[in-house]
Amino acid sequence: MKKFISKIYLALIIILLYAPILTLVVLSFNSSKTRAKWGGITGKWYVSLFHDDGIMNALYTTLVIALLSAVIATVIGTAAAIGISAYRQRTKSIFMGVTNIPMLNADIVTGISLMLLFIAFKFTLGFKTILLAHITFNIPYVILSVAPKLKQTNKSTYEAALDLGASPIYAFFKVVFPDILPGVISGFFLAITMSLDDFIITHFTKGPGVDTLSTKIYSEVRKGIKPEMYALSTIMFLTVFILLILINTNPKENKKTEHIINSKARKVSKLIMHRLIPATMVVVIIIGGFVYSKTNKTVDSKKQLIVYNWGEYIDPKVLTMFEKETGINVVYEEFETNEIMYPKISSGAISYDVVCPSDYMIQRMIKNNLLSKIDFDKVPNIKHIGSQYMKQSRQFDPTNEYSVPYCWGTVGILYNKKMVKEKVDSWNILWNKKYKDNILMQDSVRDSFAVALKSLGYSLNSADLDELNAAKNKLIKQKPLVQAYVIDQVRDKMIGNEAALGVIYSGEAIYTQKENPNLEYVIPKEGSNVWIDSWVIPKNAKHKENAEKFINFLCRPDIALLNFEYITYSTPNVDAAKLIKDPDIRNSKTAFPDPKDLDRCETFKYLGTKYDRIYNELWREVKSK
């Protein structure tokens, strides 16, 4: 009975460990881009994976950083451990305590500290700063691995070697090093693991155009993880799995015929299985990275443009077309939220040339003198942007001098017609107990408060404490009905019929309706948020003329159409809208709502740091209930 229970227990552990990985492997063969819908078996994501420059660059950057930082950290950490071991016990304890602090520290503290240090010493954030950061946080782990082995070494043997005439270096490598080698190897592999696994420290110390897999995946959260990432993860898992099998497999020996078996042949077999094949796999990966890196262009600093944009917010073909037409090399970096983007711009740590913030953040950047005025003589294609969108932009850019509208949309309710039979025209349906555990809310303070404020008849830019507290109380009352507070997951959950109602951006709604025809989008009668994301040029941009060429290029109707078709968010380019071939999309009220619906909508405004703090405190109260 005990054996049976232990087997069941072991099976449950294996299921818990490998069920997520199995799910990922299955999704890598799903022809549909969304995890919520099975579209049949395909291998196209594995093909497109190797054509995706962003993912492949991130992969090889991750591997190179991990290998280099592990090697350097192992050398420094081993030397440090040897030095510490030579001290007296009290001094040794102090030094070991100091080296342990980085491991006990929160990663975010280490990441921010390193970023501030690099900024203070005028380091340009990029590959070098990531490498330095990884070396720094890897060293303590190497020391931790090597120090116990040094305790086990016999000092008398080392001293005897010296007495016999060996030099200190020769005696060390012949006597001490073989004893501590297992600790050195453990430290090396631990350093590689920590480097591959790191996200937070990399996030704070990386510069434009440099991504590791972790930062690349995180930047895609707004639109959802690409299926190519599932394919890459499957390949990585299988590679590690095969390596583990090869390294831990021993050739079987038959006792009856053991005297016949050639021991030399057995050694050769073990050498092939344990060393040659794994080493070949590693060499192939390294050579592949070297060859791939050679195909990338060398960036001429004068013919360069550093773009900072939302994840999955431009058609990659557009960047290629711009480079071919202008000869300007684009260094492209993505951010996840306005709040993550803003500190990088305000710190001046990186000189971005063109950035795409949202309305209220542009207002904040103008107020804090972070933006340059755009020379519209160099952006003649601005004529294709509808006058109504330029007028709307004056709510955050009063003189229309600092920004050019790129995408716009609304926030509304997406509902499943098979699950919701009544008329949906008010935010108040999100408080209907009939839909308990079938409601999805945005995990965003301003978006969630906008829903509550508008349902109460207030402005979504309210700075009245009584109104804000009323909105807070209403959100707390709603919380037991909410299935989840989500961001990009609302799309997949609604496509998969996992919820009846969800608060969503109109561009996301267009995509979901393509995948699930039972979904309908509505702007509630109380009004909502109409948002505009626009291109701006930071004050410290080094390539302002190139930035203006880029903005002008994006305002071209054919280019704006490509971007609209790729990201599905509404375009303010009225001439591009006329080029949309699909009449259902061209006449879609989701993509292009009636003016009367927009009249009830407001644009978010920057309310100042005081009200940022108040909104965040009230939101924490909602989430903590």
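Structure report, in brief. (Residues numbered from 1 in each chain as written. Predicted model: local features only at pLDDT ≥ 70, side-chain atom pairs only at ≥ 80, totals over all residues. Heavy atoms only, no water.)

## Some details on the overall build of the protein
Then, in step 1: Within the protein one finds 26 helices and eleven strands.
Then, in step 2: Residues classed as buried in the protein amount to 48% of the 625 residues present.
Then, in step 3: With the model as given, the accessible surface of the protein reaches about 31500 Å², and the carbon-plus-sulfur share is 61%. (Helix = DSSP H or I, 4+ residues; strand = E, 2+ residues; numbered from the N terminus. Buried < 20%, exposed > 50% of the residue type's maximum accessible area, 1.4 Å probe, protein only. Areas by Shrake-Rupley, 256 points an atom, 1.4 Å probe, with all protein chains shown as cover.)

## Notes on the side chain of T74
Then, in step 1: Residue position: T74 is located in helix α3 (residues 53-85).
Then, in step 2: Side-chain polar atoms of T74 contact the backbone oxygen of A70, separated by 2.5 Å.
Then, in step 3: Not counting residues up to four positions away in its chain, the partners in contact with T74 are V142, V184, G187 and F188. (Polar contact = N/O pair within 3.5 Å; in protein donor to acceptor, adjacent residues only side chain to side chain. Contact = heavy atoms within 4.5 Å.)

## Focus: the packing of helix α17 (residues 445-455) against helix α18 (residues 465-478)
Then, in step 1: Direction vectors running N to C along α17 and α18 enclose 105°, while the axes themselves pass 9 Å from each other. By the angle between their axes, α17 is roughly perpendicular relative to α18. In this structure, α17 contributes S448, F449, A452, L453 and S455 to the contact, and α18 contributes E467, L468, A471, K472, K474 and L475. (Axes fitted to C-alpha atoms, helices over the stretch in contact; angles between N-to-C directions. Parallel < 35°, antiparallel > 145°, perpendicular 65-115°, else oblique.)

## Thoughts on helix α5 (residues 107-120)
Then, in step 1: Counted at 1.5 Å a residue, the expected span for α5 with its 14 residues is 20 Å, and the 20 Å between its end C-alpha atoms agrees.
Then, in step 2: Along α5, the residues that are buried comprise T110, G111, L114, M115 and F118. All buried residues of α5 project into a common sector of 130° when viewed along the axis, lining one side. Facing away from the buried surface of α5 by more than 90 degrees, the exposed residues are L116 and A120.
Then, in step 3: Elements in contact with the buried residues of α5: α4 (89-104), α6 (127-152) and α9 (200-205).
Then, in step 4: At the exit of α5 stands K122, carrying a positive phi of roughly 60°. (Expected span 1.5 Å × (residues − 1). Arc of directions from axis to C-beta.)

## Some thoughts on the sheet that holds strand β2 (residues 329-335)
Then, in step 1: Within the open sheet, the three strands sit side by side as β2-β1-β3. Their pairing is parallel. In this open sheet, the two strands that pair with only one neighbour each are β2 and β3 (354-355).
Then, in step 2: Note that strand β1 (residues 304-310) and β2 share seven bridges and pair parallel. Across the sheet, residue I306 finds its bridge partner in β2, namely V331.
Then, in step 3: The strands that helix α13 (residues 316-326) touches are β1 and β2; relative to β2, the one it contacts most, it runs at about 155°.
Then, in step 4: Where helix α21 (residues 544-554) meets the sheet, it contacts β1 and β3, and its direction lies at approximately 55° from that of β1. (Pairing = 2+ DSSP bridges.)

## Quick notes on the pattern of salt bridges
Then, in step 1: Overall, the coordinates contain 23 salt bridges when judged by the stated rule.
Then, in step 2: The salt bridge involving K578 is made with D575; its shortest N-O contact spans 3.7 Å. Note that K578 and D575 are positioned in helix α23 (residues 574-578) at a spacing of three residues, about one turn of the helix.
Then, in step 3: Classification of K578 by relative accessible area gives exposed; the value is 63%.
Then, in step 4: The exposure class assigned to D575 is partly exposed, which follows from its relative accessible area of 25%. (Salt bridge = Lys/Arg side-chain N within 4 Å of Asp/Glu carboxyl O.)

## Let's talk about the nonpolar core
Then, in step 1: If you look at the biggest cluster of nonpolar residues, it comprises 122 residues, and the most contacted ones within it are L430, L501 and F550.
Then, in step 2: Of the residues forming this core, the biggest block, eight residues, is contributed by strand β5 (residues 404-416).
Then, in step 3: Once residues lying within four places of it in the same chain are set aside, the contact partners of L501 are I413, L414, Y415, V420, I429, L430, Y435, N438, I439, L440 and M494.
Then, in step 4: Residues I130, I135, V176 and I180 belong to the second largest nonpolar core, which totals 24 residues. (Core = buried A, V, L, I, M, F, W, Y, C linked by side-chain atoms within 4.5 Å.)

## Overview of unusual backbone geometry
Then, in step 1: One non-glycine residue with positive phi stands out, namely K122, at about 60°.
Then, in step 2: Mapped onto the fold, K122 is located in the loop between α5 and α6.
Then, in step 3: Note on K122: relative accessible area 73%, which makes it exposed.
Then, in step 4: In the Ramachandran plot, T568 falls in the positive-phi region, its phi being about 65° despite a non-glycine side chain.
Then, in step 5: As for its placement among the helices and strands, T568 is situated in the loop between α22 (557-567) and α23.

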